[in-house]
Amino acid sequence: MKRPLEMKISLHVLEHLGMNLYSTIPAVLSEIVANSWDADATDVAVSLDKENDVITIHDNGIGMTRDEVADRFLEVGFRRRIEIGSKTPLRNRDPMGRKGIGKLSSFSIARVVTVYTIKDGEQTAFVMDAKKIKERIEANDGVAYRPDELDHWPDHLSSGTLIKLTGLRRRISQLTQKGLRQRLARRFSVIGPKFAFSVTVDGTPVEPRDRGYYEHIEYLWTYGNQSDLMQLFKNLSQGRAPVDRTSNVHAPSHEAGIEITGWIGTVKRPEFLKDEENENLNRLAVFMRGKQAHEDILDGFGEKEIYADYVVGELHCDDLDRDNDEDIATSSRQTLKADDPRFQALREIIYRELRNVAARWSDWRRGDGARVLAQSVPEVSAWLEELTGDTKKKAERWVGRLNTMRTGKETEKRELLKASILAFESYRRKEQLDYLDQLTDESIEPVLSVFNDIDDLQLSYYGQIVKLRLGVITTLEQKLNADDKETVIRDHIFDHLWLLDAGWERVKGSEASERNITGFLKTASKKLTSTEKRGRIDIGYRTVSGRHVIIELKRGSVATPVDDLTRQIRKYRSGAKKLIEKTIYPDWPLDIICLVGKPPPEWDDDAESVRDQLAALDARLLFYDQLLGSSRRAYADYLEEHKKVDRLWKIFQGIDDFVANG
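Owing to the predicted nature of the structure, the values given are computational and were not obtained by experimental measurement.

*Asks:* Explain the overall build of the protein chain to me, using residue names and the numbers behind them.
*Replies:* Of the regular secondary structure elements, the protein chain holds 20 helices and 18 strands. Looking at the 662 residues of the protein chain, the share that counts as buried comes to 49%. If you take every contact in the protein chain between residues at least 6 apart in sequence, the share linking residues at least 24 apart comes to 73%. Entry remark: accessible area of the protein chain is about 32,600 Å², with carbon and sulfur atoms responsible for 48%.

*Asks:* Describe the packing of helix 2 (residues 25–38) against helix 6 (residues 177–187), listing the residues and the values that go with them.
*Replies:* The description of two helices packed together rests on the angle between their axes and the distance between the axes. Packing of helix 2 against helix 6 brings their axes to within 10 Å, and their N-to-C directions diverge by 55°. Overall, the two elements helix 2 and helix 6 adopt an arrangement that is oblique. The interaxial crossing formed by helix 2 with helix 6 has right-handed handedness. Between helix 2, through Pro26, Ala27, Leu29 and Ser30, and helix 6, the contact on the second element is made entirely by Leu180, Arg183, Leu184 and Arg187. Classifying every residue of the contact of helix 2 with helix 6 by side-chain character gives 5 nonpolar, 1 polar and 2 charged.

*Asks:* Before we move on, can you summarise the pairing of strand 16 (residues 547–554) with the specific residues and values?
*Replies:* In terms of burial, strand 16 is a largely internal element, 7 of the 8 residues being buried. The pairing of strand 15 (residues 536–544) with strand 16 spans 8 bridges and is antiparallel. Within strand 16, the position partnered with aspartate 538 by the bridge is leucine 553. Linking two consecutive strands that pair antiparallel, namely strand 15 and strand 16, is a turn of 2 residues; a positive phi of about 80° is found at glycine 546 within it. In terms of strand pairing, strand 16 meets strand 17 (residues 590–596) through 6 bridges, oriented parallel. Bridging across to strand 17, isoleucine 551 finds its partner in isoleucine 593. On the question of chirality, the crossover connecting strand 16 to the parallel strand 17 by way of helix 17 (residues 562–580) is right-handed.

*Asks:* Account for unusual backbone geometry, with residues named and values stated.
*Replies:* In this structure, aspartate 53 takes a positive phi of about 55° despite not being glycine. Of note, aspartate 53 is situated in the loop between strand 1 (43–49) and strand 2 (54–59). A positive phi angle, close to 55°, is found at arginine 289, a residue other than glycine. With respect to the helices and strands, arginine 289 occurs in the loop between strand 12 (284–288) and strand 13 (291–294).

Basis of the calculations
- Residues numbered from 1 in each chain as written.
- Predicted model: local features only at pLDDT ≥ 70, side-chain atom pairs only at ≥ 80, totals over all residues.
- Heavy atoms only, no water.
- Helix = DSSP H or I, 4+ residues; strand = E, 2+ residues; numbered from the N terminus.
- Buried < 20%, exposed > 50% of the residue type's maximum accessible area, 1.4 Å probe, protein only.
- Contact = heavy atoms within 4.5 Å.
- Areas by Shrake-Rupley, 256 points an atom, 1.4 Å probe, with all protein chains shown as cover.
- Axes fitted to C-alpha atoms, helices over the stretch in contact; angles between N-to-C directions.
- Parallel < 35°, antiparallel > 145°, perpendicular 65-115°, else oblique.
- Left-handed = near helix turned anticlockwise from the far one by under 90°.
- Nonpolar A, V, L, I, M, F, W, Y, C, P; charged D, E, K, R; others polar.
- Pairing = 2+ DSSP bridges.
- Right-handed = clockwise from strand over helix to strand, strands pointing away.

Below is the structure:
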């Protein structure tokens, strides 16, 4: 008679160490892959059946006999290293498993786990159902849970163990093969030919380069021999060789009784630490026995300096997981116990290393920032060479510092660099004005030269303003063509009043009156009919240079008759004028602009009459197409001529090209 297969476990343990152990599929699969390592497997194949929501993991390890399934696999809390030994039987590996609870992680993502395993020709196959396990435990009658045994066997399975996960708690349709390879690669450092351990996902091997950050490392600090990985660090900064810090951590590591190997690196841009699936890679992972044991030790330091946004690394410390020492891992098996003296010693050593990284990083980024920019943008290099004295020294230091500043986008750094050049040009003009005090009254030529330089600087400032305005016009065109939400278009126009008139700029200090009058206009609009309301996007009030302006945005698809339009204007015009009399600019004239997509129906027959009726109410029509066309033509024509006379234009263009191509 065959020995029955039984699982004995409390419901509390099942829920906390099984069904709630992990939250992600890669984390669960990592536990199964770790078991394959402990089983001396050389090949592990992970397969995703997205159509049926099934995950299969097959390894060619030593497998299990029926007795081993009963005594080891189904015994939760089986102490592998004590019962079997501190090394694996065939390949003399350091086993990753310790407490025998990793097998329960499968129930975090699957309701049903099917196992096929073979050893010495003995085949054992069974199904574990989470629902049935809970029912058996809740019965509390002393009878153990017995998984359903199977009498069929996969034709292709001649060795090792095959685990099939079904009844998944979340669909795997969004789980990509590449994404899963990346996450497995980041959780193991023993995958590859060197360790005779191959892992594939749907037939594609998982490789160290799948971690996705090696090629982005700019500066590197190493601990121990990292020669196997050096070929992956393809883009280290020129002239900045990896810094071997092994000797620096030797004394504190020896004192703590631990040995640290691995590396800490910084990337060129923080955005390189976000992968395609938006996983955050800005972290220092700690590995024990080739498996990630602590996802991020960096976060625990609370570093606020800019350099920390660029850090990534892999640190290995097998001494944290000695067989005879107390287990240092938390119950989740994803972090280490914060109060453990070994972990605290590790933190102290790493923190000291991070302070060294911070100091080196700032110095190197400043120096390399100026050098790389000067090499890549000849126009900036030429500009720096033109500077002299104290201005030149300050400019070179500042350009280098831009490389250490925290910005959300490289385009922000580009605009800051342009503004910096304008600022230093302004500073240089100040030096020239100071120089005027030293001149005699004999010659006017040096004076004219200084004032011509000041005019040139003003020209450059306005050229950048015009270029930015063309960008705003392009953005509005895109929003209109994309049929963006009307409130988005409204805000874009209200925030850039020069779109309506190139000479209009908002008057500072009138925000309160703008809010009051806009509130009145919207209250007055409540008297409109439902049809009239549907034809309007919004109405607002602004103060601009020398004028009060009411802007009424009509929907682009609506053609409002002129009588209806004038009637609507009359409903709020007189009330608005009374409120304007109470502002700090009561004598400024009022402009009412109706921004429309289509003209009134009467327009084609008598456009002049329409204009006159509106003008009598201080109002006029402005068409969306007209607004965009006239603004673009005016600014584009100006810019073409401007390029010919602006001395700084080529410098700014060089910066734009550098960022766009970088």
